[in-house]
Amino acid sequence: MWQRVRERLRRPMNITWFSLVVSLFTVVAFHAPLMRAVVEGDASWLIVASFVVLLVVVNFLVTTLFLYLGRMVGRVVMAILMIGNAMSLYFINTYEVLLTRQMMGNVFNTRYSEASAYMGLDATLYFLLLGVLPALYIVLRKVDYGTLRRFVLSVVASIVAVVGVGAANMNSVLWIDRHATTIGSLVLPWSYVVNSIRQYNHVQMLNREPILLPDATITDEERDVVVLVIGESARSANFSLYGYDRDTNPLLAADGVTALRARASATYTTEGVKAILSHKRVEEYYEALPDYLARAGVDVVWRTSNWGEPTLHNVARYERVQDVKAQHSEADDRYDEILACGLSDIVRGATSAKQLVVLHTSTSHGPEYDKRYPKAFRRFVPACNSVEVSKADRGELINAYDNTILYTDYLVHTVIEALRACDDVRATVIYVSDHGESLGEDNLYMHGMPLDMAPSEQVDIPFVVWTSDGAPLREDITTVGHFHVFHSVLHRLSIDSPVYDASRNIFAVEE
Ligand SMILES: [Zn+2]
């Protein structure tokens, strides 16, 4: 049998047939979700037919170009894209994700150790059958590249076909415009290739020197500390503080915190964290809150078990989990409570009257919710510990997720306790999540839907406030968002700034 396969592979296939085979395979194997979206989008039969023809022709054209111009290099690239297609299809089918720029940001923010969390049996089958196998075929099949004349003919014929289909669809412009995001995110491999490049450019922007804000000044000598706890994938629907029928916030409820209705301005970490640290919604990257305050003379401490943060330039004390572990060898570095280790000492040892401590947590990050909290917090059982969340029992999945919220309750309570131990300091704790999380509602899992399409589960976030002096909040605010953090922190630290926006300060101001 193996002998026959080898013989077949050795017999040269001409480039036109080969490109057509690769193109048809790509269209049939990887574009069911796209065709479903087109049909569900109430497209006319002309549009449906045009999509099929376009997909076949464009894939044919690209394969021909890569092969003829790139020879073996072109084939290896096509093979790698095949594996990329297979994995993308797995994610699209399993999590109903769209491969937008934002989603590619999510993918690149996933550490290698976490990526393995997604590799269950299904993923392995996709990888081998739809990825590796066709990839091997593309690399090993003997191809007759033909003459330059034949190559030019193929290219010209393809372009004529594309233009023809385009002309026939002049009247479909409105339909295409309305569905552009969905369609653009389901055409493989162009969705992830193009959106990866766009995301790369976006991240480059976040890593550049930020645009500086006008100088801020500290206006008094009172001792103030704000601890900003940034949550990960926490949705308000599962907090008893927000009316959830399970008691997931026993400690915070007893602490007398205030829970404000809040909506996230992003559905993925990089953008959510950027918004929490920004003075307003802008495309450009302005100086983030920690940098801005550090430059004004505030003592800023940043501790993180997460990633996707903008590059900070002025923060002297930036600590990852292993840095905290190095100072506190007794601490358990598997869970987020290590971030609060020695917090009272940090506050007492502040190098300025004004201090901001940011704890960037990762507790509710999926899909392995059950690994994010110590055993003592496995209160809702049985808790799902499978990585294939879409196949998991939904009740067990929610149990595991609720345990992460119960643990978050403990974590934020621990922060409040540490501040209670610092008598002569006026303290503020703000806990806010970067975005919400889907747990199987409408077959959606995790997060990262484009904001204008995202379900409420991915957008409604907790925004919890505690102050040592019981400072009253404004009564005229109903719903807050990420951008309220910046201005509320400025207010609590008595900092004067030209960019201060009183309408985004959650605290009542005495006249
Ligand atoms: Zn996140």
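A few points on the structure. Predicted model only: the values in this text are computed from it and were never measured.

## With respect to empty space enclosed by the protein
On inspection of all chains with the given rule, the structure shows two cavities of 30 Å³ or more. Estimates place the volume of the largest cavity at around 70 Å³. What lines the largest cavity is V22, T26, N59, V62, T63, M78, L81, M82, N85, P189 and W190. It is helix α4 (residues 45-95) that contributes the most residues to the lining of the largest cavity, seven residues altogether. Grouping the constituent residues of the lining of the largest cavity by class yields seven nonpolar, four polar and no charged. Taken as a whole, the second largest cavity spans an internal volume of roughly 30 Å³. The wall of the second largest cavity is formed by G231, E232, T361, T363, S364, T408, L411 and Y431.

## Overview of the coordination of the zinc ion
Looking at the zinc ion, the protein donor atoms are E232 (OE), E232 (OE), T269 (OG1), D434 (OD) and H435 (NE2), and they sit 2.0 to 2.6 Å from it. When the donor residues of the zinc ion are listed from N- to C-terminus, their spacing reads E-x36-T-x164-D-H. Of the two residues, T269 is situated in helix α13 (residues 269-276) and H435 in the loop between β9 (426-433) and β10 (438-439); the sequence distance between them amounts to 166 residues. Look at T269 and you get buried, because its relative accessible area is 5%. For H435, a relative accessible area of 0% corresponds to the buried category.

## Some details on the sheet that holds strand β7 (residues 317-320)
The strand order β7-β6-β8-β4-β9-β12-β5-β13 describes an open sheet built from eight strands, whose pairing is mixed. Only two strands of the sheet have a single neighbouring strand rather than two, namely β7 and β13 (479-481). Neighbour to neighbour, the strand axes of the sheet diverge by 25 degrees on average, direction disregarded. Note that β9 and strand β12 (residues 460-467) share five bridges and pair antiparallel. Paired with I430 across the bridge in β12 is V465.

## Focus: a nonpolar patch on the surface
A cluster of nonpolar residues, L121, L125, L128, L129, L133, L136 and L140, forms a patch on the protein surface that exposes about 690 Å² of accessible area. Locating L121 in the fold gives a position in helix α7 (residues 121-140).

## Side note on helix α17 (residues 394-420)
Its 27 residues give α17 an end-to-end C-alpha distance of 39 Å, which sits within 8% of 39 Å, the value for a rise of 1.5 Å per residue. The opening residue of α17, the one whose side-chain oxygen lies 2.9 Å from the backbone nitrogen of G395, is D393.

## Description of the pattern of salt bridges
Scanning the entire structure with this criterion turns up 21 salt bridges. As a salt-bridge pair, R420 and D255 come within 3.1 Å of each other at their nearest N and O atoms. In this pair, R420 sits in helix α17 while D255 sits in helix α12 (residues 250-255), placing the two residues 165 residues apart along the sequence. Relative accessible area serves as the criterion here: at 10%, D255 is assigned to the buried category. Through salt bridges with shared partners, a single network forms among D220, D224, K354, R426, D469 and R492.

## Side note on the nonpolar core
The nonpolar side chains of a soluble globular protein tend to be buried with one another. Counting residues in each nonpolar core, the largest one holds 145 residues, and the members touching the most others are L228, L293, L356 and F463. Ranked by residue count, the leading element in this core is α4, at 18 residues. The contacts of L293, once residues within four sequence positions are left out, are V298, V300, L356, V489, L490, L493 and I495.

## Topic: the packing of helix α3 (residues 32-40) against α4
Pairs of packed helices are described in terms of their axes, by the angle between the two and the distance that separates them. Between α3 and α4, the shortest axis-to-axis distance is 2 Å and the interhelical angle comes to 150 degrees. Of the possible angle classes, the one that applies to α3 and α4 is roughly antiparallel. As for how α3 packs across α4, the hand of that crossing is right-handed. Together, P33, L34, M35, R36, V38 and V39 of α3 and I47, V48, F51, V52, L55, L89, I92 and N93 of α4 make up the contact between the two elements. The class makeup of the residues in the contact of α3 with α4 is 12 nonpolar, one polar and one charged.

## Here we look at the environment of E330
As for its position among the elements, E330 is in the loop between α15 (321-327) and α16 (343-348). Among the residues examined, E330 registers a relative accessible area of 60% and is labelled exposed. Along the chain, E330 and L439 lie 109 residues apart, while their C-alpha atoms are 35 Å from each other.

## A word on α7
When the terminal C-alpha atoms of α7 are compared, their 27 Å separation across 20 residues agrees well with the 28 Å that a helix rising 1.5 Å per residue should span. Along its length, α7 shows its largest kink, about 30 degrees, at L128. Among all positions of α7, only A123, G131, P134, A135 and I138 are buried. Buried residues along α7 sit against α2 (15-30) and α4.

Thresholds, definitions, all that
- Residues numbered from 1 in each chain as written.
- Predicted model: local features only at pLDDT ≥ 70, side-chain atom pairs only at ≥ 80, totals over all residues.
- Heavy atoms only, no water.
- 1 Å grid on protein atoms, 1.4 Å probe; cavity = no way out; pocket = protein on both sides within 12 Å on 5 of 7 lines; lining within 4 Å.
- Points joined across faces, edges and corners; volume = space filled by probe spheres on them.
- Helix = DSSP H or I, 4+ residues; strand = E, 2+ residues; numbered from the N terminus.
- Nonpolar A, V, L, I, M, F, W, Y, C, P; charged D, E, K, R; others polar.
- Donors = N, O, S within 2.8 Å, 3.2 Å for Na, K, Ca; no water.
- Buried < 20%, exposed > 50% of the residue type's maximum accessible area, 1.4 Å probe, protein only.
- Pairing = 2+ DSSP bridges.
- Axes fitted to C-alpha atoms, helices over the stretch in contact; angles between N-to-C directions.
- Patch = residues over 30% accessible without salt bridge, like charges linked within 9 Å, V, L, I, M, F, W, Y side chains within 5 Å.
- Areas by Shrake-Rupley, 256 points an atom, 1.4 Å probe, with all protein chains shown as cover.
- Salt bridge = Lys/Arg side-chain N within 4 Å of Asp/Glu carboxyl O.
- Expected span 1.5 Å × (residues − 1).
- Polar contact = N/O pair within 3.5 Å; in protein donor to acceptor, adjacent residues only side chain to side chain.
- Core = buried A, V, L, I, M, F, W, Y, C linked by side-chain atoms within 4.5 Å.
- Contact = heavy atoms within 4.5 Å.
- Parallel < 35°, antiparallel > 145°, perpendicular 65-115°, else oblique.
- Left-handed = near helix turned anticlockwise from the far one by under 90°.
- Bend = angle between axes of the 7 residues up to and from the residue.

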